[in-house]
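The lines below spell out each chain.
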Amino acid sequence: MEGEVQRSLSLRVNRRVDRNDQMHNKDAEVGGIFTPGRFSQEYTMKIFWKRGFIRLVLVAGILWMLLILTVLLFHVWSCRSTVAFFSAICNKDGKVFIILDTMGLVPKAPEMSGLLPKRTVGLVPNGPLPHRCAIPLADDPDKVIIPKGRTPDKIVQNLSYIRDDEINKSGPWSTPLFGGHQSWLQRDESFKLKPTMKVHCGFFRNGGAEMAHKDIQYVKNCKFVVASGIFDGYDTPHQPSNISLRSQKIFCFLMVVDDVSLNVIKENVTVKEDSGGGLWVGIWRLVLLKNSPYDEPRRNGKVPKILTHRLFPEAQYSIWIDGKMELVVDPLLILERYLWRGKHTFAIAQHKHHHSIYEEADAIKRRKRYARPLVDLHMKVYRYEGMEPWSPKKKTLSDVPEGAVIIREHTAMSNLFSCLWFNEVNLFTPRDQLSFGYVVFRLGGLFKFYMFPNCEYNSLFVLHQHTREHSSVVEWVKSLDEFKGSNSDNLKESRGGLGLWTPYPGKLDSVTLPPVTRTSKAG
(Lines give C-alpha, C1' and ligand atoms only; values in the text may rest on other atoms or scores of the structure.)
Protein backbone atom coordinates (compact mmCIF):
# COMPACT_ATOMS: atom_id res chain seq x y z
CA MET A 1 0.00 0.00 0.00
CA GLU A 2 2.76 2.36 0.94
CA GLY A 3 4.61 1.50 -2.30
CA GLU A 4 1.62 2.55 -4.39
CA VAL A 5 1.36 5.87 -2.54
CA GLN A 6 5.05 6.60 -3.19
CA ARG A 7 4.71 5.78 -6.90
CA SER A 8 1.69 8.13 -7.08
CA LEU A 9 3.65 10.95 -5.44
CA SER A 10 6.69 10.52 -7.73
CA LEU A 11 4.47 10.60 -10.81
CA ARG A 12 2.91 13.87 -9.63
CA VAL A 13 6.31 15.42 -8.98
CA ASN A 14 7.57 14.40 -12.48
CA ARG A 15 4.49 15.88 -14.11
CA ARG A 16 5.01 19.18 -12.28
CA VAL A 17 8.65 19.30 -13.42
CA ASP A 18 7.62 18.65 -17.04
CA ARG A 19 5.02 21.41 -16.84
CA ASN A 20 7.55 23.86 -15.43
CA ASP A 21 9.98 23.01 -18.26
CA GLN A 22 7.24 23.56 -20.84
CA MET A 23 6.30 26.91 -19.31
CA HIS A 24 9.97 27.99 -19.28
CA ASN A 25 10.34 27.12 -22.96
CA LYS A 26 7.22 29.07 -23.84
CA ASP A 27 8.52 32.08 -21.95
CA ALA A 28 11.78 31.85 -23.86
CA GLU A 29 9.95 31.70 -27.14
CA VAL A 30 7.87 34.74 -26.25
CA GLY A 31 10.84 36.78 -24.86
CA GLY A 32 13.20 36.11 -27.91
CA ILE A 33 16.39 38.17 -28.00
CA PHE A 34 15.25 40.39 -25.20
CA THR A 35 15.86 37.82 -22.57
CA PRO A 36 18.67 38.84 -20.18
CA GLY A 37 20.88 35.83 -20.96
CA ARG A 38 20.54 36.08 -24.71
CA PHE A 39 21.17 39.85 -24.71
CA SER A 40 24.34 39.53 -22.62
CA GLN A 41 25.76 36.81 -24.85
CA GLU A 42 25.24 38.68 -28.15
CA TYR A 43 26.59 41.98 -26.72
CA THR A 44 29.78 40.20 -25.75
CA MET A 45 30.13 38.83 -29.30
CA LYS A 46 29.66 42.29 -30.82
CA ILE A 47 32.38 43.78 -28.65
CA PHE A 48 34.67 40.88 -29.58
CA TRP A 49 34.13 41.35 -33.32
CA LYS A 50 34.46 45.13 -33.09
CA ARG A 51 37.80 44.91 -31.29
CA GLY A 52 38.97 42.20 -33.68
CA PHE A 53 38.12 44.35 -36.71
CA ILE A 54 40.02 47.34 -35.31
CA ARG A 55 43.06 45.16 -34.63
CA LEU A 56 42.85 43.75 -38.14
CA VAL A 57 42.79 47.25 -39.67
CA LEU A 58 45.75 48.34 -37.56
CA VAL A 59 47.80 45.28 -38.45
CA ALA A 60 46.95 45.68 -42.16
CA GLY A 61 47.96 49.36 -42.02
CA ILE A 62 51.27 48.57 -40.36
CA LEU A 63 51.99 45.83 -42.89
CA TRP A 64 51.14 48.22 -45.74
CA MET A 65 53.47 50.92 -44.38
CA LEU A 66 56.25 48.36 -43.94
CA LEU A 67 55.72 47.23 -47.53
CA ILE A 68 55.95 50.82 -48.83
CA LEU A 69 59.07 51.46 -46.72
CA THR A 70 60.65 48.25 -48.02
CA VAL A 71 59.95 49.26 -51.63
CA LEU A 72 61.42 52.74 -51.08
CA LEU A 73 64.53 51.34 -49.43
CA PHE A 74 64.93 48.83 -52.26
CA HIS A 75 64.59 51.69 -54.76
CA VAL A 76 67.33 53.68 -53.02
CA TRP A 77 69.52 50.60 -52.73
CA SER A 78 69.10 49.73 -56.41
CA CYS A 79 70.28 53.23 -57.35
CA ARG A 80 73.46 52.62 -55.36
CA SER A 81 73.95 49.01 -56.43
CA THR A 82 76.88 48.06 -58.64
CA VAL A 83 74.94 45.07 -59.97
CA ALA A 84 73.80 45.92 -63.49
CA PHE A 85 70.39 44.26 -63.12
CA PHE A 86 69.45 46.20 -60.00
CA SER A 87 70.96 49.50 -61.14
CA ALA A 88 68.88 49.24 -64.31
CA ILE A 89 65.72 49.18 -62.17
CA CYS A 90 66.58 52.56 -60.68
CA ASN A 91 64.83 55.55 -62.20
CA LYS A 92 66.64 58.66 -61.02
CA ASP A 93 64.38 60.82 -63.15
CA GLY A 94 61.24 59.57 -61.39
CA LYS A 95 59.31 61.66 -58.88
CA VAL A 96 59.90 59.11 -56.11
CA PHE A 97 63.69 59.34 -56.33
CA ILE A 98 63.61 63.14 -56.66
CA ILE A 99 61.39 63.47 -53.56
CA LEU A 100 63.62 61.11 -51.55
CA ASP A 101 66.71 63.00 -52.70
CA THR A 102 65.13 66.34 -51.77
CA MET A 103 64.31 65.00 -48.30
CA GLY A 104 67.93 63.90 -47.89
CA LEU A 105 67.05 60.21 -47.73
CA VAL A 106 69.32 59.28 -50.65
CA PRO A 107 72.84 58.90 -49.22
CA LYS A 108 75.71 60.46 -51.12
CA ALA A 109 78.24 58.10 -52.59
CA PRO A 110 81.43 57.97 -50.51
CA GLU A 111 83.51 59.15 -53.43
CA MET A 112 81.61 62.43 -53.52
CA SER A 113 82.49 63.63 -50.07
CA GLY A 114 85.29 65.86 -51.24
CA LEU A 115 86.76 65.61 -47.77
CA LEU A 116 88.10 62.09 -47.87
CA PRO A 117 91.83 61.44 -47.54
CA LYS A 118 94.12 61.96 -50.47
CA ARG A 119 93.68 59.58 -53.45
CA THR A 120 90.50 58.04 -52.08
CA VAL A 121 87.88 60.33 -53.59
CA GLY A 122 86.13 58.36 -56.28
CA LEU A 123 86.75 54.91 -54.81
CA VAL A 124 84.16 52.52 -53.41
CA PRO A 125 84.67 49.04 -51.92
CA ASN A 126 83.82 47.31 -55.21
CA GLY A 127 85.89 49.71 -57.31
CA PRO A 128 85.18 53.07 -58.93
CA LEU A 129 81.68 53.86 -60.11
CA PRO A 130 81.19 54.05 -63.91
CA HIS A 131 82.82 57.14 -65.41
CA ARG A 132 84.28 58.15 -62.02
CA CYS A 133 87.79 57.82 -60.68
CA ALA A 134 89.85 58.91 -57.70
CA ILE A 135 90.74 62.59 -57.44
CA PRO A 136 94.05 63.16 -55.64
CA LEU A 137 92.72 65.94 -53.44
CA ALA A 138 94.48 67.45 -50.49
CA ASP A 139 93.47 66.14 -47.09
CA ASP A 140 91.96 69.25 -45.55
CA PRO A 141 90.78 72.55 -47.10
CA ASP A 142 91.83 74.34 -43.91
CA LYS A 143 95.43 73.34 -44.59
CA VAL A 144 95.49 74.44 -48.25
CA ILE A 145 98.05 77.20 -48.77
CA ILE A 146 96.71 79.94 -51.06
CA PRO A 147 99.44 81.41 -53.29
CA LYS A 148 100.30 85.04 -52.69
CA GLY A 149 100.00 87.42 -55.60
CA ARG A 150 99.14 86.53 -59.19
CA THR A 151 100.83 84.35 -61.78
CA PRO A 152 103.10 86.66 -63.83
CA ASP A 153 101.86 87.60 -67.32
CA LYS A 154 104.72 86.84 -69.69
CA ILE A 155 103.23 86.93 -73.20
CA VAL A 156 100.19 89.18 -72.95
CA GLN A 157 100.80 91.73 -70.23
CA ASN A 158 98.11 94.32 -70.79
CA LEU A 159 94.65 93.40 -72.00
CA SER A 160 91.76 95.79 -72.63
CA TYR A 161 88.41 95.49 -74.35
CA ILE A 162 86.62 97.24 -77.20
CA ARG A 163 83.36 98.74 -75.93
CA ASP A 164 82.09 100.66 -78.97
CA ASP A 165 81.83 99.73 -82.64
CA GLU A 166 83.34 102.04 -85.23
CA ILE A 167 80.44 101.64 -87.65
CA ASN A 168 78.26 103.81 -89.81
CA LYS A 169 75.14 104.48 -87.76
CA SER A 170 73.03 104.43 -90.91
CA GLY A 171 74.56 101.18 -92.19
CA PRO A 172 73.21 97.63 -92.03
CA TRP A 173 75.02 96.98 -88.73
CA SER A 174 73.65 100.02 -86.91
CA THR A 175 71.92 98.00 -84.15
CA PRO A 176 74.04 97.66 -80.98
CA LEU A 177 75.08 94.07 -80.34
CA PHE A 178 76.42 92.51 -77.15
CA GLY A 179 79.34 90.95 -79.02
CA GLY A 180 79.90 93.91 -81.31
CA HIS A 181 80.25 93.84 -85.09
CA GLN A 182 83.61 92.10 -85.39
CA SER A 183 85.00 92.05 -88.92
CA TRP A 184 86.89 89.11 -90.38
CA LEU A 185 90.08 91.19 -90.28
CA GLN A 186 89.60 92.11 -86.63
CA ARG A 187 89.00 88.45 -85.85
CA ASP A 188 92.21 87.42 -87.59
CA GLU A 189 94.25 90.10 -85.83
CA SER A 190 92.97 89.05 -82.42
CA PHE A 191 94.85 85.73 -82.66
CA LYS A 192 98.23 87.48 -83.09
CA LEU A 193 99.63 87.73 -79.59
CA LYS A 194 101.32 90.92 -78.47
CA PRO A 195 102.29 92.33 -75.05
CA THR A 196 99.43 94.85 -75.24
CA MET A 197 96.14 93.84 -76.82
CA LYS A 198 92.66 95.29 -77.19
CA VAL A 199 90.00 92.84 -78.36
CA HIS A 200 86.28 92.25 -78.68
CA CYS A 201 84.99 90.60 -75.52
CA GLY A 202 81.26 91.17 -75.29
CA PHE A 203 79.54 93.83 -73.15
CA PHE A 204 79.35 96.39 -75.91
CA ARG A 205 77.54 99.54 -74.94
CA ASN A 206 73.73 99.15 -75.12
CA GLY A 207 74.16 95.50 -76.11
CA GLY A 208 72.30 94.01 -73.14
CA ALA A 209 73.26 91.85 -70.14
CA GLU A 210 73.23 94.66 -67.59
CA MET A 211 73.68 93.99 -63.88
CA ALA A 212 71.83 95.87 -61.17
CA HIS A 213 73.86 98.39 -59.17
CA LYS A 214 73.41 96.37 -55.96
CA ASP A 215 74.96 93.30 -57.63
CA ILE A 216 77.80 95.32 -59.15
CA GLN A 217 78.68 96.61 -55.70
CA TYR A 218 78.45 93.14 -54.14
CA VAL A 219 80.75 91.38 -56.64
CA LYS A 220 83.44 94.04 -56.21
CA ASN A 221 84.39 92.21 -53.04
CA CYS A 222 84.57 88.77 -54.67
CA LYS A 223 88.15 87.54 -55.15
CA PHE A 224 87.26 83.84 -55.21
CA VAL A 225 84.13 82.91 -57.16
CA VAL A 226 82.07 79.80 -57.73
CA ALA A 227 79.78 80.80 -60.60
CA SER A 228 76.82 79.15 -62.26
CA GLY A 229 73.92 80.21 -64.43
CA ILE A 230 70.31 79.40 -65.25
CA PHE A 231 68.53 80.78 -68.30
CA ASP A 232 64.99 80.45 -69.61
CA GLY A 233 63.95 78.52 -66.51
CA TYR A 234 65.64 75.21 -67.37
CA ASP A 235 66.96 74.56 -63.85
CA THR A 236 66.63 75.52 -60.20
CA PRO A 237 69.68 76.13 -57.97
CA HIS A 238 71.29 73.08 -56.38
CA GLN A 239 73.04 73.69 -53.08
CA PRO A 240 76.73 72.70 -52.98
CA SER A 241 77.70 70.14 -50.36
CA ASN A 242 80.88 69.42 -48.40
CA ILE A 243 81.82 73.12 -48.35
CA SER A 244 84.19 73.96 -45.50
CA LEU A 245 83.63 76.99 -43.27
CA ARG A 246 86.83 78.46 -44.68
CA SER A 247 85.53 78.25 -48.25
CA GLN A 248 82.17 79.66 -47.22
CA LYS A 249 84.00 82.75 -45.95
CA ILE A 250 86.40 83.08 -48.89
CA PHE A 251 84.21 82.29 -51.90
CA CYS A 252 81.28 84.13 -53.42
CA PHE A 253 78.73 81.68 -54.79
CA LEU A 254 77.11 83.59 -57.68
CA MET A 255 74.14 82.27 -59.66
CA VAL A 256 73.54 84.32 -62.83
CA VAL A 257 69.92 84.30 -64.03
CA ASP A 258 67.60 86.02 -66.48
CA ASP A 259 64.10 87.33 -65.73
CA VAL A 260 62.38 84.09 -66.77
CA SER A 261 64.58 81.95 -64.54
CA LEU A 262 64.23 84.32 -61.58
CA ASN A 263 60.44 84.00 -61.74
CA VAL A 264 60.66 80.19 -62.00
CA ILE A 265 63.04 80.05 -59.04
CA LYS A 266 60.73 82.21 -56.92
CA GLU A 267 57.83 79.88 -57.69
CA ASN A 268 59.71 76.70 -56.76
CA VAL A 269 62.18 77.50 -53.98
CA THR A 270 62.52 79.97 -51.13
CA VAL A 271 64.23 83.21 -52.14
CA LYS A 272 65.38 85.48 -49.31
CA GLU A 273 66.19 89.17 -49.59
CA ASP A 274 68.90 90.78 -47.48
CA SER A 275 68.95 94.33 -46.15
CA GLY A 276 70.72 95.58 -49.27
CA GLY A 277 68.14 94.09 -51.64
CA GLY A 278 70.29 91.09 -52.60
CA LEU A 279 68.44 87.88 -53.43
CA TRP A 280 69.61 84.54 -52.01
CA VAL A 281 68.79 80.86 -52.46
CA GLY A 282 70.74 79.10 -49.75
CA ILE A 283 74.42 79.83 -50.32
CA TRP A 284 73.80 81.21 -53.83
CA ARG A 285 73.60 84.96 -54.42
CA LEU A 286 71.31 85.49 -57.42
CA VAL A 287 72.71 87.91 -60.01
CA LEU A 288 70.11 89.10 -62.50
CA LEU A 289 71.19 89.95 -66.05
CA LYS A 290 68.64 92.33 -67.49
CA ASN A 291 67.97 92.57 -71.22
CA SER A 292 69.19 89.20 -72.49
CA PRO A 293 71.69 89.83 -75.27
CA TYR A 294 70.61 86.92 -77.52
CA ASP A 295 67.45 85.29 -78.83
CA GLU A 296 68.79 81.81 -78.06
CA PRO A 297 68.91 80.85 -74.33
CA ARG A 298 71.88 78.52 -74.93
CA ARG A 299 73.86 81.43 -76.30
CA ASN A 300 72.84 83.65 -73.35
CA GLY A 301 74.27 81.02 -71.02
CA LYS A 302 77.72 81.42 -72.60
CA VAL A 303 78.02 84.97 -71.23
CA PRO A 304 78.61 84.06 -67.55
CA LYS A 305 80.20 80.74 -68.49
CA ILE A 306 82.98 82.05 -70.73
CA LEU A 307 83.12 85.74 -69.78
CA THR A 308 83.25 85.16 -66.02
CA HIS A 309 86.16 87.60 -65.79
CA ARG A 310 84.07 90.36 -67.39
CA LEU A 311 81.04 89.87 -65.15
CA PHE A 312 83.19 89.69 -62.01
CA PRO A 313 86.26 91.80 -62.85
CA GLU A 314 87.69 91.78 -59.31
CA ALA A 315 87.82 87.98 -59.14
CA GLN A 316 91.26 86.40 -59.15
CA TYR A 317 90.02 82.80 -59.32
CA SER A 318 86.78 81.31 -60.57
CA ILE A 319 85.16 77.91 -60.83
CA TRP A 320 82.30 77.63 -63.29
CA ILE A 321 79.73 74.82 -63.03
CA ASP A 322 76.63 74.42 -65.20
CA GLY A 323 73.27 75.16 -63.61
CA LYS A 324 72.11 71.53 -63.55
CA MET A 325 75.03 70.47 -61.35
CA GLU A 326 75.44 70.10 -57.62
CA LEU A 327 79.03 70.73 -56.57
CA VAL A 328 80.16 68.09 -54.06
CA VAL A 329 83.85 68.95 -53.61
CA ASP A 330 85.20 71.88 -51.62
CA PRO A 331 86.26 74.66 -54.04
CA LEU A 332 89.57 75.24 -52.25
CA LEU A 333 90.48 71.60 -52.86
CA ILE A 334 89.55 72.04 -56.53
CA LEU A 335 91.81 75.08 -56.96
CA GLU A 336 94.66 73.30 -55.17
CA ARG A 337 94.27 70.16 -57.28
CA TYR A 338 93.78 71.66 -60.73
CA LEU A 339 95.62 74.99 -60.60
CA TRP A 340 98.06 75.50 -57.77
CA ARG A 341 99.61 72.05 -57.55
CA GLY A 342 100.68 72.03 -61.19
CA LYS A 343 101.04 75.83 -61.48
CA HIS A 344 98.27 76.03 -64.09
CA THR A 345 96.05 79.03 -64.80
CA PHE A 346 93.29 77.27 -66.77
CA ALA A 347 91.86 73.78 -66.29
CA ILE A 348 89.07 71.98 -68.10
CA ALA A 349 88.04 68.34 -68.48
CA GLN A 350 88.54 66.15 -71.51
CA HIS A 351 85.37 65.16 -73.38
CA LYS A 352 84.06 61.73 -72.53
CA HIS A 353 83.75 60.45 -76.11
CA HIS A 354 85.32 62.81 -78.65
CA HIS A 355 88.77 64.14 -79.40
CA SER A 356 88.14 65.87 -82.74
CA ILE A 357 85.83 68.84 -83.25
CA TYR A 358 84.55 67.13 -86.39
CA GLU A 359 83.44 64.15 -84.30
CA GLU A 360 81.66 66.52 -81.93
CA ALA A 361 80.01 68.36 -84.82
CA ASP A 362 78.71 65.08 -86.19
CA ALA A 363 77.23 64.21 -82.77
CA ILE A 364 75.60 67.65 -82.49
CA LYS A 365 73.89 67.17 -85.85
CA ARG A 366 72.69 63.66 -84.99
CA ARG A 367 71.32 64.79 -81.65
CA LYS A 368 69.70 67.90 -83.20
CA ARG A 369 71.49 70.39 -80.98
CA TYR A 370 71.73 73.04 -83.72
CA ALA A 371 70.85 73.46 -87.40
CA ARG A 372 72.80 70.87 -89.39
CA PRO A 373 73.75 73.11 -92.33
CA LEU A 374 74.99 75.84 -89.98
CA VAL A 375 77.12 73.34 -88.02
CA ASP A 376 78.62 72.21 -91.35
CA LEU A 377 79.27 75.83 -92.34
CA HIS A 378 80.95 76.46 -89.01
CA MET A 379 83.23 73.46 -89.51
CA LYS A 380 84.03 74.43 -93.10
CA VAL A 381 85.35 77.78 -91.90
CA TYR A 382 87.64 76.03 -89.41
CA ARG A 383 88.75 73.45 -91.96
CA TYR A 384 89.50 76.19 -94.51
CA GLU A 385 91.61 77.97 -91.90
CA GLY A 386 93.73 74.88 -91.32
CA MET A 387 92.11 73.09 -88.37
CA GLU A 388 93.09 69.43 -88.65
CA PRO A 389 91.24 66.57 -86.99
CA TRP A 390 92.76 65.60 -83.67
CA SER A 391 95.44 62.92 -83.69
CA PRO A 392 97.91 61.60 -81.10
CA LYS A 393 100.57 63.70 -82.84
CA LYS A 394 98.98 66.86 -81.49
CA LYS A 395 100.35 68.34 -78.28
CA THR A 396 96.92 68.42 -76.63
CA LEU A 397 95.08 65.46 -75.11
CA SER A 398 91.97 66.42 -77.03
CA ASP A 399 90.49 69.27 -79.07
CA VAL A 400 87.11 68.82 -77.39
CA PRO A 401 86.49 69.73 -73.74
CA GLU A 402 83.69 68.90 -71.35
CA GLY A 403 82.88 72.51 -70.66
CA ALA A 404 80.43 72.16 -67.77
CA VAL A 405 83.28 72.80 -65.29
CA ILE A 406 85.94 75.46 -65.97
CA ILE A 407 88.62 76.37 -63.42
CA ARG A 408 90.56 79.60 -63.98
CA GLU A 409 93.00 82.07 -62.60
CA HIS A 410 92.12 85.37 -64.23
CA THR A 411 95.48 86.20 -65.75
CA ALA A 412 95.77 88.34 -68.89
CA MET A 413 96.43 85.26 -71.05
CA SER A 414 93.58 83.29 -69.51
CA ASN A 415 91.24 86.24 -69.96
CA LEU A 416 92.34 86.71 -73.58
CA PHE A 417 91.64 83.07 -74.34
CA SER A 418 88.17 83.39 -72.82
CA CYS A 419 87.50 86.48 -74.96
CA LEU A 420 88.61 84.77 -78.17
CA TRP A 421 86.63 81.66 -77.30
CA PHE A 422 83.52 83.75 -76.68
CA ASN A 423 83.99 85.66 -79.94
CA GLU A 424 83.81 82.38 -81.85
CA VAL A 425 80.65 81.38 -79.99
CA ASN A 426 79.22 84.81 -80.76
CA LEU A 427 80.08 84.60 -84.48
CA PHE A 428 79.14 81.00 -85.21
CA THR A 429 77.11 78.31 -83.44
CA PRO A 430 76.57 78.44 -79.65
CA ARG A 431 78.15 74.98 -79.26
CA ASP A 432 81.28 76.06 -77.40
CA GLN A 433 82.93 72.60 -77.61
CA LEU A 434 83.45 73.23 -81.33
CA SER A 435 85.35 76.48 -80.78
CA PHE A 436 87.61 75.64 -77.84
CA GLY A 437 90.15 73.53 -79.76
CA TYR A 438 90.12 75.94 -82.68
CA VAL A 439 91.18 78.88 -80.48
CA VAL A 440 93.95 76.74 -78.96
CA PHE A 441 95.08 75.93 -82.51
CA ARG A 442 95.07 79.59 -83.62
CA LEU A 443 97.19 80.63 -80.64
CA GLY A 444 99.88 78.22 -81.81
CA GLY A 445 100.31 76.35 -78.55
CA LEU A 446 101.17 79.48 -76.57
CA PHE A 447 98.08 79.13 -74.43
CA LYS A 448 98.90 76.57 -71.75
CA PHE A 449 96.10 74.76 -69.97
CA TYR A 450 95.51 71.59 -68.00
CA MET A 451 93.03 69.11 -69.48
CA PHE A 452 92.20 66.59 -66.78
CA PRO A 453 90.59 63.13 -67.19
CA ASN A 454 86.84 63.01 -67.73
CA CYS A 455 86.38 60.52 -64.90
CA GLU A 456 87.68 63.13 -62.43
CA TYR A 457 85.28 65.67 -63.89
CA ASN A 458 82.37 63.34 -63.15
CA SER A 459 83.50 63.03 -59.53
CA LEU A 460 83.25 66.76 -58.86
CA PHE A 461 79.48 67.02 -58.94
CA VAL A 462 76.09 65.33 -58.95
CA LEU A 463 74.25 65.80 -62.23
CA HIS A 464 70.56 66.69 -61.99
CA GLN A 465 68.00 66.69 -64.76
CA HIS A 466 66.76 69.93 -66.32
CA THR A 467 63.33 71.00 -65.09
CA ARG A 468 62.31 70.91 -68.75
CA GLU A 469 63.98 70.09 -72.03
CA HIS A 470 65.32 72.87 -74.21
CA SER A 471 64.01 72.97 -77.74
CA SER A 472 64.50 75.62 -80.40
CA VAL A 473 63.14 75.61 -83.94
CA VAL A 474 66.60 76.27 -85.38
CA GLU A 475 67.81 72.94 -83.99
CA TRP A 476 65.57 71.00 -86.39
CA VAL A 477 66.67 72.73 -89.61
CA LYS A 478 68.09 70.24 -92.12
CA SER A 479 68.94 72.45 -95.11
CA LEU A 480 69.73 76.08 -95.88
CA ASP A 481 66.61 76.25 -98.08
CA GLU A 482 64.50 76.27 -94.92
CA PHE A 483 66.02 79.65 -94.05
CA LYS A 484 64.74 81.11 -97.32
CA GLY A 485 61.04 80.53 -96.73
CA SER A 486 58.42 82.74 -95.14
CA ASN A 487 59.44 81.50 -91.66
CA SER A 488 63.10 82.38 -92.12
CA ASP A 489 62.85 85.29 -89.68
CA ASN A 490 61.73 82.89 -86.95
CA LEU A 491 64.65 80.55 -87.63
CA LYS A 492 67.51 83.02 -87.88
CA GLU A 493 69.00 84.50 -84.75
CA SER A 494 68.97 88.26 -85.00
CA ARG A 495 71.75 89.04 -82.50
CA GLY A 496 74.07 86.04 -82.54
CA GLY A 497 75.73 83.72 -85.03
CA LEU A 498 75.95 86.51 -87.57
CA GLY A 499 79.24 85.18 -88.90
CA LEU A 500 77.21 82.35 -90.43
CA TRP A 501 75.35 84.89 -92.58
CA THR A 502 78.20 87.31 -93.33
CA PRO A 503 80.05 86.66 -96.62
CA TYR A 504 83.27 84.83 -95.76
CA PRO A 505 86.52 85.93 -97.49
CA GLY A 506 87.31 82.46 -98.80
CA LYS A 507 85.96 79.72 -101.05
CA LEU A 508 84.12 77.46 -98.63
CA ASP A 509 82.39 75.57 -101.46
CA SER A 510 85.66 73.80 -102.20
CA VAL A 511 86.05 72.58 -98.60
CA THR A 512 85.42 68.92 -97.85
CA LEU A 513 84.95 68.04 -94.21
CA PRO A 514 87.06 65.15 -92.85
CA PRO A 515 85.31 61.78 -92.55
CA VAL A 516 84.11 60.92 -89.07
CA THR A 517 84.24 57.52 -87.41
CA ARG A 518 81.57 57.24 -84.76
CA THR A 519 83.29 55.72 -81.77
CA SER A 520 80.39 55.89 -79.33
CA LYS A 521 76.62 55.43 -79.55
CA ALA A 522 76.18 57.92 -76.74
CA GLY A 523 78.24 60.58 -78.47
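First things first, this report covers the structure right here in the doc. Fair warning: this is a prediction, and the values are worked out from it, not measured in the lab.

## Examining the environment of A138
You can see A138 is positioned in the loop between α4 (95-102) and β1 (158-162). Separated by 198 residues in the primary sequence, A138 and E336 have C-alpha atoms spaced 7.5 Å apart.

## Section: the state of the cysteines
The full count for this structure, using the stated rule, is three disulfides. Disulfide partner of C222: C252, at an S-S distance of 2.2 Å. Negative torsions about the S-S bond denote left-handed disulfides, and the value of about -90° found for C222 with C252 makes this one left-handed. With C222 in the loop between α6 (213-219) and β4 (224-230) and C252 in strand β5 (residues 251-257), this residue pair connects regions lying 30 residues apart in the sequence.

## Concerning the pattern of salt bridges
Once their charged atoms are close, side chains differing in charge can pair, the charge on each being opposite to the other. Per the counting criterion, the structure on display carries 19 salt bridges. The partner of E424 in a salt bridge is R187, with the nearest N and O atoms 2.9 Å apart. Taken together, the positions of E424 in helix α14 (residues 412-427) and R187 in helix α5 (residues 184-190) put the pair 237 residues apart, joining distant regions of the chain. With its nearest N and O atoms 3.0 Å apart, the salt bridge here joins K192 to E189.

## Description of the packing of helix α9 (residues 297-306) against α14
Axis separation between α9 and α14 bottoms out at 10 Å; the angle between their running directions is 175°. The orientation of α9 relative to α14 falls into the category roughly antiparallel. Contacts between α9 and α14 involve R299, K302, V303 and I306 from the first element and S418, W421, F422, V425 and N426 from the second. Taken together, the residues that form the contact of α9 with α14 break down as five nonpolar, two polar and two charged.

## Describing the nonpolar core
Judged by nonpolar contacts, the single largest core of 73 residues is most densely connected at F312, F346, Y382, F417, W421 and F436. For this core, the leading source of residues is α14, giving 10 residues. When near neighbours in sequence (up to four residues on either side) are disregarded, Y382 contacts R187, I357, Y358, M387, E424, F428, L434, S435 and Y438. Of all hydrophobic cores here, the second largest spans 44 residues; its members include L279, V328, L335 and F452.

## Considering a nonpolar patch on the surface
A cluster of nonpolar side chains, namely V59, I62, L63, L66, L69 and L73, defines an oily patch on the protein surface of about 580 Å² accessible area. With respect to the secondary-structure elements, L66 resides in helix α2 (residues 36-80).

## So, the side chain of H410
For H410, the location among the structural elements is in the loop between β12 (401-409) and α14. Within the structure, the side chain of H410 is placed 3.1 Å from the backbone oxygen of A315, a separation counted as a polar contact. Non-local contacts of H410, meaning those with residues more than four positions away in its chain, are made with R150, T308, H309, A315, Q316, Y317, S318 and N415.

## Focus on helix α11 (residues 331-340)
Counting buried residues along α11, 10 of its 10 residues qualify, which places the element largely inside the surrounding structure. Restricting attention to buried positions, one finds in α11 the residues P331, L332, L333, I334, L335, E336, R337, Y338, L339 and W340. Its side-chain oxygen 2.9 Å from the backbone nitrogen of L332, D330 forms the N-cap of α11.

## Observations concerning α14
Given a rise of 1.5 Å per residue, 16 residues ought to cover 22 Å, and the 22 Å separating the end C-alpha atoms of α14 matches this to within 8%. The element α14 is extensively covered by neighbouring structure, given that 16 of its 16 residues are classed as buried.

What counts, and where the lines are drawn
Residues numbered from 1 in each chain as written. Predicted model: local features only at pLDDT ≥ 70, side-chain atom pairs only at ≥ 80, totals over all residues. Heavy atoms only, no water. Helix = DSSP H or I, 4+ residues; strand = E, 2+ residues; numbered from the N terminus. Disulfide = S-S within 2.5 Å. Salt bridge = Lys/Arg side-chain N within 4 Å of Asp/Glu carboxyl O. Axes fitted to C-alpha atoms, helices over the stretch in contact; angles between N-to-C directions. Parallel < 35°, antiparallel > 145°, perpendicular 65-115°, else oblique. Contact = heavy atoms within 4.5 Å. Nonpolar A, V, L, I, M, F, W, Y, C, P; charged D, E, K, R; others polar. Core = buried A, V, L, I, M, F, W, Y, C linked by side-chain atoms within 4.5 Å. Buried < 20%, exposed > 50% of the residue type's maximum accessible area, 1.4 Å probe, protein only. Patch = residues over 30% accessible without salt bridge, like charges linked within 9 Å, V, L, I, M, F, W, Y side chains within 5 Å. Areas by Shrake-Rupley, 256 points an atom, 1.4 Å probe, with all protein chains shown as cover. Polar contact = N/O pair within 3.5 Å; in protein donor to acceptor, adjacent residues only side chain to side chain. Expected span 1.5 Å × (residues − 1).

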